[in-house]
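Chain residues, written in single-letter form:
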Amino acid sequence: MSNEGNELSGAQIVCESLVREGVDVVFGLPGGAILPLYGVLNQYPELRHILVRHEQGGSHAADGYARSTGKVGVVFATSGPGATNLITGLATAMMDSAPVVAITGQVGRAAIGRDAFQETDITGATLPVTKHNYLVMRAQDIARTIREAFHIANTGRPGPVLIDIPKDVFAELATFNWPEGVELPGYRPPGDGAIEDVKAAAELIEKAERPVILAGHGVLISKAWDELKELVEKAEIPVVTSLLGISALESKHRLNAGMPGMHGHAYASLALEEADLIISAGARFDDRITGDTKRFAQKSKKIHIDVDPAEIDKNVKADVAVIGDLKAVLTQLIPEVSENTHTDWVRRVEHLKSEHPSMTIRETDELLGQHVVKTISDITGGRGHMVTGVGQHQMWAAQFWQSTEPNNWQTSGGLGTMGYEVPAAMGVQVGHPDQTVWSIAGDGGFQMTMSELATIKENNLPVKFAILNNNMLGMITQWQDMMYDKDFYANAYTGNPDFVKLAEAFGIKGLRCTSQDDLEATIREAMEHDGPVVVDFVIRADENVYPMIPAGESIEQLIEEPA
Amino acid sequence: MSMNGSTPGSSSNGLSKRTVIALVQDRPGVLARVAGLFRRRGFNIASLVVGKAERPGFSRMTFEVEGDPSIVSHVARQLDKLIDVVEVTDVTDLDIVWREMALMKVSASAETRGEIMQLVEIFRAKIVDIGAEAVGIEATGDPDKIDSMISLLRPFGVREVMRTGRVAMPRAALEVGGIDGFNVKSPESTLWVAKSTDTGSV
């Protein structure tokens, strides 16, 4: 490309490098230390910059963009508070393995360590919440660093990488050379699984009478949904999905047995409990699935397929572990497994589904969160994208979103970040401008990040927000109800804003729905509107999420219905 | 005086003491990254030695940590995930050579000097500095030997002790073409050992 070998400023080298990495959109918010970079952005029209209202929003937007497209999401922030505001978003991306590259301005080199204005040791602060980070002290190191950062962010187990660049390094001149590759002797992302491990896994699968696949986010990260489907159909193996594995297999596939765990479908948890073999495919036996690991799925052997060797035996001991990229490993595994049927077992899982129908909504005239998600799912046909925050609305969404397309479900799983729903949906919409993006929000989480409505309006991003508004921190209320002797405290929002007027104040269409009768018409109206919409669904306040397995307990403590 | 008086895995407080070796790239912050993973699990790093490795641009770190072996093993795997860490091995259960060096300043008058020098000789240590009222002693060996030496010197007045902490290395193979320590999985141990061929870090 044209500028190769030329003397450029550090800021220009950043942009040249991003263009070469295929970046076409950056979320960001400028400040003093990063202004030299913003000073050259005009020269790079390939890089669309979306000006966010808060850096946390920028980091979640980059994360939502990254998860839903498989491309690296990029966010810019300035030093000090700009950089620290990214931390929640980086931690969210770290826990859920989302490829994000954050570029932060730093105070000038001579000022570092002197508590200069807006100085934070952001590489120190983000050590535990990034896959890797860099402080770049010379303009000549920028290109190599960005090359490495993108490679690290989006290979192996993806994750966020932060690059901190002092203000004067952006201005420093250096010869721009785009490195041909990266040299990282300490970083060797796995590809194929070891063939003896694959064969050992196949042997266990052949012998199993009651196998279950636990499909996790890894299926979606490694784009292995076709291979997953081929394997489950070839060997007739029921599949349960983790919260982040939803959409790995269409929800209505006859072998999809739902989501297990704390608020998962009871039949999914029971299927894991009764299985004689659990094949974890890109899942990590999170505590929300296992509960007490000592009492988790005692009757089964475990095959653990993961790209990250540190996941093996971390929570649950594996009988066979296969380290590798999931798509590669499943491709190796499929020919080793013979065509098979597990008629009795599949029938048993069907029976569990009918005996423990976690998908029924109790009879009531009131509007429930479950009604909202179910109707959105029905009207969209499980197509387009679904984004959620964290709490009751998230669990209802997980239970009732009937996905028909792979990777069309994004939620903050590991970190459980309330407020993810607004900016992440914005990022998903930027990555998929022609698709419908629904964000199921809680009234609590929505208020944490709703300032991004301004960004959404400014960029005319047609996200449809469904606030499941119970004027409560619903999950807090539920825990206080069920586990803290109904000792309610700090759970009610008695001064919520009027979300319709709020939307209108942002120049966004606002709708309200308070009854089941208006549900379908409201959702259709929102979808027909050419632009963003905020719908205030006023739902029953004291509705708990069922089923529930209390934290740290096992399937024996399953509560299927209100007492 | 035995050079191998203690087993490497033993510890006085019942927790297992593990010795972990990491080959790392010399990059800013690598020590903080490594230490951070131990800190997260609340491990005390009993000793830490860092020095240049055989290849330019790389260093080797030897850690002694106290903790549950299975957790140490998991931390070792997390260490190996660090981009700057090339290889990690928990060598506690391997056949290793390990040494520690200590510098000691001991009060010594004209009357006691002879006795001190005798002790120094018995421990195959060296006098490296001498003053009017004190001597400087350098001792190398396994930590038990150094502990014993310090206790025997104590009556004379130990003014200052500076110990390096343990450095360790798997023993070389006894046969030509045999496998050196780093490439073996110790059979009786469930601990995870890095193989140089591992596609082991993400």
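About the cut-offs
Residues numbered from 1 in each chain as written. Chains lettered and ligands numbered in written order. Predicted model: local features only at pLDDT ≥ 70, side-chain atom pairs only at ≥ 80, totals over all residues. Heavy atoms only, no water. Patch = residues over 30% accessible without salt bridge, like charges linked within 9 Å, V, L, I, M, F, W, Y side chains within 5 Å. Areas by Shrake-Rupley, 256 points an atom, 1.4 Å probe, with all protein chains shown as cover. Salt bridge = Lys/Arg side-chain N within 4 Å of Asp/Glu carboxyl O. Lys, Arg positive; Asp, Glu negative; His and termini not counted. Charge placed at Lys NZ, Arg CZ, Asp CG, Glu CD. Buried < 20%, exposed > 50% of the residue type's maximum accessible area, 1.4 Å probe, protein only. Helix = DSSP H or I, 4+ residues; strand = E, 2+ residues; numbered from the N terminus. Polar contact = N/O pair within 3.5 Å; in protein donor to acceptor, adjacent residues only side chain to side chain. Contact = heavy atoms within 4.5 Å. Core = buried A, V, L, I, M, F, W, Y, C linked by side-chain atoms within 4.5 Å. 1 Å grid on protein atoms, 1.4 Å probe; cavity = no way out; pocket = protein on both sides within 12 Å on 5 of 7 lines; lining within 4 Å. Points joined across faces, edges and corners; volume = space filled by probe spheres on them. Nonpolar A, V, L, I, M, F, W, Y, C, P; charged D, E, K, R; others polar. Axes fitted to C-alpha atoms, helices over the stretch in contact; angles between N-to-C directions. Left-handed = near helix turned anticlockwise from the far one by under 90°. Buried area = accessible area lost by both parts, 1.4 Å probe.

Caption draft 1: Local environment of a negative patch on the surface. Residues Glu363(A), Asp365(A), Asp517(A) and Asp518(A) make up a contiguous surface patch of negative charge. Judged by its relative accessible area of 38%, Asp518(A) falls in the partly exposed class.

Caption draft 2: Representation of the environment of Gly181(A) in the model. Residues and elements named next belong to chain A. Within the fold, Gly181 resides in the loop between β8 (173-175) and α9 (195-207). When its relative accessible area of 42% is taken as the criterion, Gly181 is described as partly exposed. For the pair Gly181 and Asp319, spaced 138 residues apart in the sequence, the C-alpha separation amounts to 37 Å.

Caption draft 3: How the structure looks around the side chain of Asp481(A). Residue and element names in this part refer to chain A. Among the secondary structure elements, Asp481 is positioned in helix α21 (residues 474-483). At a separation of 2.8 Å, a polar atom in the side chain of Asp481 contacts the side chain of Asn544. If sequence neighbours within four positions are ignored, Asp481 has contacts with Lys486, Phe488 and Asn544.

Caption draft 4: How the structure looks around helix α5 (residues 87-95) of chain A. Residue and element names in this part refer to chain A. Turning to α5, its buried residues are Gly89, Leu90, Ala91, Thr92 and Ala93. On its buried side, α5 packs onto α3 (55-69), β5 (100-106) and β7 (160-166). Downstream of α5 by one or two residues, Ser97 has phi in the positive range, about 55°.

Caption draft 5: How the structure looks around the nonpolar core. All names here are of chain A. The biggest cluster of nonpolar side chains holds 44 residues, and the ones touching the most others in it are Phe27, Phe446, Leu453, Ile456, Phe465 and Val534. Among the elements that line this core, the one with the most residues is helix α18 (residues 421-431), at six residues. Apart from residues no more than four positions distant in its own chain, Ile456 is found in contact with Val422, Met426, Leu461, Phe465, Ile508 and Pro532. Membership of the second largest hydrophobic core comes to 42 residues, among which are Cys15, Phe76, Ile163 and Ala174.

Caption draft 6: Highlighting empty space enclosed by the protein. Residue and element names in this part refer to chain A. Under the defined criterion, the tally for this structure stands at three cavities of 30 Å³ or more. Secondary-structure elements contributing two or more residues to the lining of the largest cavity are α12 (266-274) and α13 (287-290). For the lining of the largest cavity, the leading source of residues is α13, giving four residues. Looking at the lining of the largest cavity residue by residue, the classes come out as 10 nonpolar, six polar and five charged.

Caption draft 7: Highlighting unusual backbone geometry. Residues and elements named next belong to chain A. Of note, the amide linkage connecting Tyr546 to Pro547 takes the cis form, showing an omega dihedral of -5°. In this structure, Pro547 sits in the segment after β19 (533-538). The backbone phi angle of Asn407 is positive, close to 55°, even though this residue is not glycine. Inspection of the secondary structure puts Asn407 in the loop between α17 (392-400) and β15 (409-410). Even without being a glycine, Asn471 presents a positive backbone phi close to 50°. The residue Asn471 is located in the loop between β17 (464-469) and α21 in this model.

Caption draft 8: Broad picture of the packing of helix α1 (residues 10-20) of chain A against helix α7 (residues 142-153) of chain A. All names here are of chain A. In the contact formed by α1 and α7, the axes pass within 9 Å of each other and the chain directions differ by 35°. Like other packed secondary-structure pairs, α1 and α7 cross with a definite hand, here right-handed. On α7, the residues that touch Gly10, Ile13, Val14, Ser17 and Leu18 of α1 are Ile142, Ala143, Ile146 and Phe150. A per-class count over the contact of α1 with α7 returns seven nonpolar, two polar and no charged.

Caption draft 9: Looking closely at the interface of chain A and chain B. Between chain A and chain B, the contact holds 25 residues from the first and 20 residues from the second. Counting the surface lost from both chain A and chain B, the interface buries some 1,900 Å², and carbon and sulfur atoms represent 53% of this. Seen at the junction of chain A and chain B, the total is two salt bridges. A salt bridge links Arg27(B) to Glu148(A); the nearest nitrogen and oxygen atoms lie 3.3 Å apart. Residues that form the side of chain A that touches chain B fall into these classes: 12 nonpolar, four polar and nine charged.

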